[in-house]
Amino acid sequence: MKTYNCIIVDDEELARELIETHLSQLPDFKVVASCDSAIEASVVLKNQKVDLMFLDIEMPVLKGTDFLKNLAHKPKVIFTTAYREYAIESYELNVVDYLLKPIIFTRFFKAIEKFLDTQVQVKEQSKDVVLPDHIFIQSNKRYIKIRFDEVLYIESIKDYIKIHTVEDMILVKHGLSAFLERLDTRFLRAHRSYIVNVEKVTSFTKQDIEIGKHEIPIGELYKKDVLRVLSS
C-alpha cells in the first residue's frame, strides 16, 4: 500500500495540530513537515517528495494562493481557510478541495477521498503509451485545437491569455495557472504573466528569454527554476 507524504502549511499552530490529528486516523498518510509559513514550506518542497499539501490562504508575508501560483512543481493541494471568498480563485488554481475552518473530520475525509480519486486517475493515465500532443481550447463558441509543438509562449492579460503560436495568436478567457496544468512538461512558468515552451527558446540571460524575435521577462520568483531548467 502506498504511503502519501503530506505537508501542512498554516501560521496557526492549533490549525496545524488539528490537521495532523485528522491525518493520524488515516494509516496511508504521513506528515513529513508542519510549517508556519510559505517560506519554510518552499524549502521543504525542494528537498522532500510531497504528494499532498494542506495550505492555508491568509498567511503573513506570502499568501497561500500566491505561494501556489509561484511553485514550479506543485504537489496536490487542499486549501484550508476561514474565508469563503477564495473559492473561485481556488477553483482556477485547480486544487483538490477547499476546506473551511474549523475543519470537521467528516468534511476532511471527503477531501481525502477526492485526493485519492486523483491518484487513481494518474495511475490510469500512466498506462497509456502515447501522451497527448494537443488540447482543445474554447474561444467564443468554437473549440480550437492547440498543438503543443506549435506554441511559442503564453501571455496573461487580466482574465485572458494570449496563446502565441508559430503562425497565429489566439485570445481566450482562461487563468494562466489553470492553463499550465493542461500542458505537458515542455512548458515552464517564467513570470507571473508568461509561460514559455522550453523547446522554442533560442537564447536567455538572467533577466529574459528570447524565442525568435520575442523577448519574455524572467520573474524574480521564478528565476532559480527557470535558469536551472534552461541550463540543464
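Note that the structure is predicted; figures quoted are calculated from it, not measured. (Residues numbered from 1 in each chain as written. Predicted model: local features only at pLDDT ≥ 70, side-chain atom pairs only at ≥ 80, totals over all residues. Heavy atoms only, no water.)

Chemist: I'd love a proper account of the nonpolar core, names of residues and values included.
Modeler: Membership of the largest hydrophobic core comes to 21 residues, with the highest contact counts inside it found for Ile7, Met53, Leu55, Phe67, Leu68 and Phe79. Elements with a contribution of two residues or more to this core: β1 (4–9), β2 (29–35), α2 (38–47), β3 (52–56), α3 (64–70) and β4 (76–81). Broken down by element, this core gets its largest block of residues, 4 residues, from α2. (Core = buried A, V, L, I, M, F, W, Y, C linked by side-chain atoms within 4.5 Å. Buried < 20%, exposed > 50% of the residue type's maximum accessible area, 1.4 Å probe, protein only. Helix = DSSP H or I, 4+ residues; strand = E, 2+ residues; numbered from the N terminus.)

Chemist: Describe in detail the pattern of salt bridges, supporting the description with residues and values.
Modeler: Enumeration according to the criterion identifies 13 salt bridges in this entry. Across the salt bridge formed by aspartate 51 and lysine 2, the nearest N and O atoms sit 4.0 Å from each other. Taken together, the residues aspartate 51 in the loop between α2 and β3 and lysine 2 in the segment before β1 connect sequence positions 49 residues apart. Classification of aspartate 51 by relative accessible area gives buried; the value is 11%. With relative accessibility at 35%, the residue lysine 2 sits in the partly exposed group. One salt bridge connects lysine 223 with glutamate 220, and the closest N-O pair in it is separated by 3.4 Å. By relative accessible area, glutamate 220 is classed as exposed at 64%. Three or more residues are tied together by salt bridges with common partners; here these are Asp10, Glu12, Asp56 and Lys101. (Salt bridge = Lys/Arg side-chain N within 4 Å of Asp/Glu carboxyl O.)

Chemist: Outline the side chain of arginine 186, supporting the account with residue identities and numerical values.
Modeler: Looking at the secondary structure, you find arginine 186 in the loop between α6 (176–180) and β11 (187–191). Owing to a relative accessible area of 19%, arginine 186 belongs among the buried residues under this scheme. A distance of 2.7 Å separates polar atoms of two side chains, one belonging to arginine 186 and the other to aspartate 184. Beyond its immediate sequence surroundings of up to four residues, arginine 186 is in contact with Phe148, Asp149, Val196, Asn197, Val198 and Glu199. (Polar contact = N/O pair within 3.5 Å; in protein donor to acceptor, adjacent residues only side chain to side chain. Contact = heavy atoms within 4.5 Å.)

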